[in-house]
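Structural characterization, general
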Amino acid sequence: MKFITKVSAALLIGMAGAAQAQDTIKIGVSYPTPTHAWASGMNWHAEQAEKRLEELHPNVDLILINSPDPASQASALEDLVSVHNIDALVVLPFESEPLTDPVLQVKSTGALITVVDRGLSQPGIEDIYVAGNNPELGRVSAEYMMTRLGDGDNIVVLRGIPTLIDNERFDAFMETIEGSGINVLDSAHANWNRDDGYEVMQDFLSRFPDIDAVWAQDDDIAIGVVAALEEAGRTGDGMFVVGGAGMKETIKGIMDGNELVPVDVLYPPSMIATAMDVTVNAFTSNGPVAGRYILGATLIDSSNAASFYFPDSPF
Amino acid sequence: MSEAQADSGGARHGFRIDIKSVGPMIALLLLCILGYVLNPAFASEGNLTNILTRSAFIGIIAVGATFVITAGGIDLSVGSMAAVISGVMIITMNSAIDTFGPGLTTVLLGCGCSIILGLGAGMINGLLTTKGKIEAFIVTLGTMGIFRSLVTYFADGGTLALDFGIRSVYRPVYYGDFLGLPIPIWVFICVALVGWFLLNRTTFGRYCTAIGSNEGVAKYSAVNVDRIKTMTYVIQGLCVSLATIIYVPRLGSASASTGVLWELEAIAAVIIGGTVLKGGYGRIGGTVIGALILTTIGNILNLTDLVSNYLNGTMQGLIIIIAVWLQRGPWQKPASSQT
């Protein structure tokens, strides 16, 4: 039906149709194919934002494309230019290095560039930058720990996959916690993975008889940590676990008053929606929008959990 | 060197093989002493139970892999297979709740589903290798990708979670005890015993070894090579499904990151245990020790901060190489007396 309308419109209006197309603002949105829960949450939020923005602005056409690897993402960017002739690009690069040049190519066609989360390897290409804040995630987590714990209390830290992201979070956490008197007994990589979280925590429990809290950095790791704590029967005495990201199950738990995982620190997959909003604003708002948008790593507790809970999202 | 070992499979003499079977044992023993010295908590009852329970997944899968490798094959798909079977099990049980309620029937249905899938997946790998005449490496590389993407698809890129109602019924399968030992350890022991009997005391086992040593000769000796080889993949599939049945109740979830690299860990366990990668000689007992060594390394690394976290992979690699070197090192008698 839509197709017929389109075809007849094109036939009837003819040349005018071309003029119409010029008025449509085409925005390409490119991101990695979701292969893990966080990315699949991002995919969901991108689809929601597409629906919402296209309803709100009939002249805006958002084209979502996901790619399984950096090379296909580069090709996808070329297609967005040659096939769709986009006016703006929202891109979450698979990797910084291999996508810097393809994004530069898109920019040379005059399109507005919005980069999400992972920066390009050359500064100044993007007009708009939207990202979560990794050091802030570490800092906020540490500050929460310091409100609950004091001098002489012991914590263990489970880290992610050895990457820049993990280092930024970890370093900021350690810097903040330093001097507070809280002992970080040890840290180990649990690769943002439930199984690894479970096994690393089991070993920490065998090794340290006195642990007061756990910084798991990530909600998936936290699930494994909680299973290990429950198995060992060490969930009492005010023990708590701080994860991160904003998984819906974790947020639901916070809403329900889970004492073992009482808070979460946001690193939201919905940042893609923020980027799409800002990019559309660049065409519709009378205010300037270019710039860097660094999202806060909000501490989610029972008071604000409801506003971060998306029961239909896969994450 | 490996030529000699491959040949040794043909004519095995118990008293000579002892040298080789002791190798992995020594490695494990040294590792345990190291663990205890670095942190006495290593020898605590809780920690030892953890190691054994954790070894069960890789160990059970590796027992199956011992058959495949002994018969000259290889199966790279086991990690992905475990992930997709876990996923389908969870979907099956979640949807069976409506009909059967969160009870034993639902859990049994999930387990039955797992076993059928495991046997089926193994059968596919086996038939494509034998009847399809495609190298096992390629077949299982293909099914590895297929299984992995299927679980991603079923989970919609996210995580499949088991309904909380069934978790309480199913939980004891991982967390429960029998005579003081956790259930996964019992399953591991049973699988290892049955595997040992099958490989060492049956014609099937001898055929596996014969095919791995020399497929052509086995064929001319009236061994139904295709059938035996297919059977090894079916056994592998069954082992994967057993491992999955005890894996799912642990965290009650499956995602695209479930079972990543289990295939390499299983193969490593088999080789550390003294089985020859090119086939013709297999040791179930060694495989069990191999799986324990792999888990123990990870455990020790978590129990000490002696080594930088970034070097964990290096330590694991070194210990794997040393463990294999212990059984093939220069103190071994020359090939002629090794048999």
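Described in the following lines is the structure provided in the data block. The structure presented is a predicted model; accordingly, all values stated were derived computationally and were not measured. Sequence order as written defines residue numbering, which begins from 1 separately in each chain. Chains carry letters from A onward and ligands carry numbers from 1 onward, assigned in written order. Where local features are concerned, this predicted model is filtered to residues with pLDDT of at least 70; where side-chain atom pairs are given and counted, the filter is 80 or more; whole-chain, interface and lining totals use all residues. The basis for the side-chain values is all heavy atoms of the structure; hydrogens and waters are excluded.

In this section: the packing of aromatic side chains. Note on ring pairs: Phe, Tyr and Trp rings are taken, using the six-membered ring of Trp, and paired if centres are within 6.5 Å. Classes follow the plane angle, with under 30 degrees stacked, over 60 edge-to-face and the rest tilted. Tallying each qualifying case throughout the model produces 14 aromatic pairs over all chains. Centroid distance Trp38 of chain A to Tyr267 of chain A: 6.1 Å. Interplanar angle 35°. Geometry classified as tilted. You can see Trp38 of chain A sitting in helix H3 (residues 37-56) and its partner Tyr267 of chain A sitting in the loop between strand E10 (264-265) and helix H11 (271-284), a full 229 residues away along the chain. A relative accessible area of 6% means that Tyr267 of chain A is categorised as buried. A centroid spacing of 6.1 Å and a plane angle of 55° characterise the contact between Tyr153 of chain B and Phe154 of chain B, whose relative ring orientation is tilted. By relative accessible area, which is 65% here, Tyr153 of chain B ends up exposed. Secondary structure elements are defined from DSSP: runs of H or I of at least 4 residues count as helices, runs of E of at least 2 residues count as strands, and each element is numbered from the N terminus. When a residue's accessible area, from a 1.4 Å probe over protein chains only, is under 20% of the maximum for its type it is buried; when over 50% it is exposed; and in between it is partly exposed.

Once that is clear, we can look at the pattern of salt bridges. Any Lys or Arg side-chain nitrogen found within 4 Å of a carboxyl oxygen on Asp or Glu counts as a salt bridge. According to the stated counting rule, one finds 13 salt bridges over all chains in the structure shown. Across the salt bridge formed by Asp277 of chain A and Arg52 of chain A, the nearest N and O atoms sit 3.1 Å from each other. Pair noted here: Asp277 of chain A is in helix H11 and Arg52 of chain A is in helix H3, with a separation of 225 residues, a long-range link. Among the residues examined, Asp277 of chain A registers a relative accessible area of 24% and is labelled partly exposed. The exposure class assigned to Arg52 of chain A is partly exposed, which follows from its relative accessible area of 39%. Asp305 of chain B is the partner of Arg207 of chain A in a salt bridge, and the nearest nitrogen-oxygen pair spans 3.5 Å. Taken as a pair, Arg207 of chain A in helix H8 (residues 194-207) and Asp305 of chain B in the loop between helix H14 (284-303) and helix H15 (312-328) lie in two separate chains rather than in one.

Residue and element names in this part refer to chain B. Compared with an ideal rise of 1.5 Å per residue, which puts 17 residues at 24 Å, H15 spans 25 Å between its outermost C-alpha atoms and is within 8% of the ideal. Within the span of H15, buried status applies to Asn312, Ile319, Ala323, Val324, Leu326 and Gln327. For H15, the angular spread of buried residues about the axis comes to 150°, placing them on one side. Expected helix span is given by 1.5 Å per residue-to-residue step, counting one fewer step than there are residues. Each C-beta atom gives one direction from the helix axis, and the arc is the one those directions make.

As a further point, take the sheet that holds strand E3 (residues 88-91) of chain A. All names here are of chain A. Read from one edge to the other, the open sheet built from six strands follows the order E2-E1-E3-E4-E5-E11, with strand pairing classed as parallel. Both edges of this open sheet fall to strand E2 (60-67) and strand E11 (291-294), since each of them pairs with a single strand only. Across the sheet, the mean angle from the axis of one strand to that of its neighbour is 15°, orientation sign disregarded. In this description, strands pair whenever DSSP reports at least two bridges between them. Between the N-to-C directions of two axes lies an angle of 0 to 180 degrees, each axis being a line fitted to C-alpha atoms and, for a helix, fitted only over the stretch in contact.

To continue, consider helix H6 (residues 134-148) of chain A. Residues and elements named next belong to chain A. Over its 15 residues, H6 runs 22 Å from end to end, which matches the ideal 21 Å to within 8%, given 1.5 Å per residue. Those residues of H6 not exposed but buried are Asn134, Leu137, Gly138, Val140, Ser141, Ala142, Tyr144 and Met145. Considering only its buried residues, H6 is in contact with strand E6 (154-159), helix H7 (164-177), strand E8 (213-215), strand E9 (240-242), E10 and strand E12 (299-300). Here a polar contact is taken to be a pair of N or O atoms separated by no more than 3.5 Å, where protein atoms must pair a possible hydrogen donor with a possible acceptor and residues adjacent in sequence count only if both atoms sit in side chains. Two to three positions downstream of the cap, the backbone nitrogen of Glu136 sits 3.1 Å from a side-chain oxygen, assigning the N-cap of H6 to Asn133. Contact criterion: two residues are considered in contact whenever any of their non-hydrogen atoms come within 4.5 Å of each other.

Of note, Gly126 of chain B is situated in helix H5 (residues 104-130). Sequence-wise, Gly126 of chain B and Gly298 of chain B are 172 residues apart; in three dimensions their C-alpha atoms are separated by 32 Å.

Our next topic: the pairing of strand E5 (residues 128-131) of chain A. All names here are of chain A. Along E5, one buried face is formed by Ile128 and Val130 and the opposite face, lined by Tyr129 and Ala131, is buried too. One ladder, built from three bridges, connects strand E4 (residues 112-116) with E5; its direction is parallel. The residue bridging Val116 from the neighbouring strand is Val130, located in E5. Here E5 pairs with E11 via four bridges, running parallel. Within E11, the position partnered with Ile128 by the bridge is Gly291.

What follows covers the interface of chain B and chain A. When the parts of a complex come together, some accessible area is lost, and that lost area is often taken as the interface size. Contacts between the two partners involve 26 residues from chain B and, on the opposite side, 28 residues from chain A. Put simply, buried area is how much 1.4 Å-probe accessible surface two parts lose in total, over both of them, once they are put together. Both sides together, the interface formed by chain B and chain A hides about 2,300 Å², and carbon and sulfur atoms give 43% of it. Inspection of the region where chain B meets chain A yields four salt bridges. The shortest N-O distance in the salt bridge between Asp195 of chain A and Arg250 of chain B comes to 2.9 Å. Taken together, chain B and chain A are joined by 17 residue pairs in polar contact (both at pLDDT 80 or more). Elements with a contribution of two residues or more to the side of chain B that touches chain A: helix H3 (45-70), helix H8 (172-175), helix H12 (225-251) and H14 of chain B. If you tally residues by element for the side of chain B that touches chain A, the top one is H14 of chain B, at four residues. Considered class by class, the residues forming the side of chain B that touches chain A number eight nonpolar, 14 polar and four charged. Under the grouping applied here, Gly and all other residues not named as nonpolar or charged are polar, the nonpolar ones being Ala, Val, Leu, Ile, Met, Phe, Trp, Tyr, Cys and Pro and the charged ones Asp, Glu, Lys and Arg.

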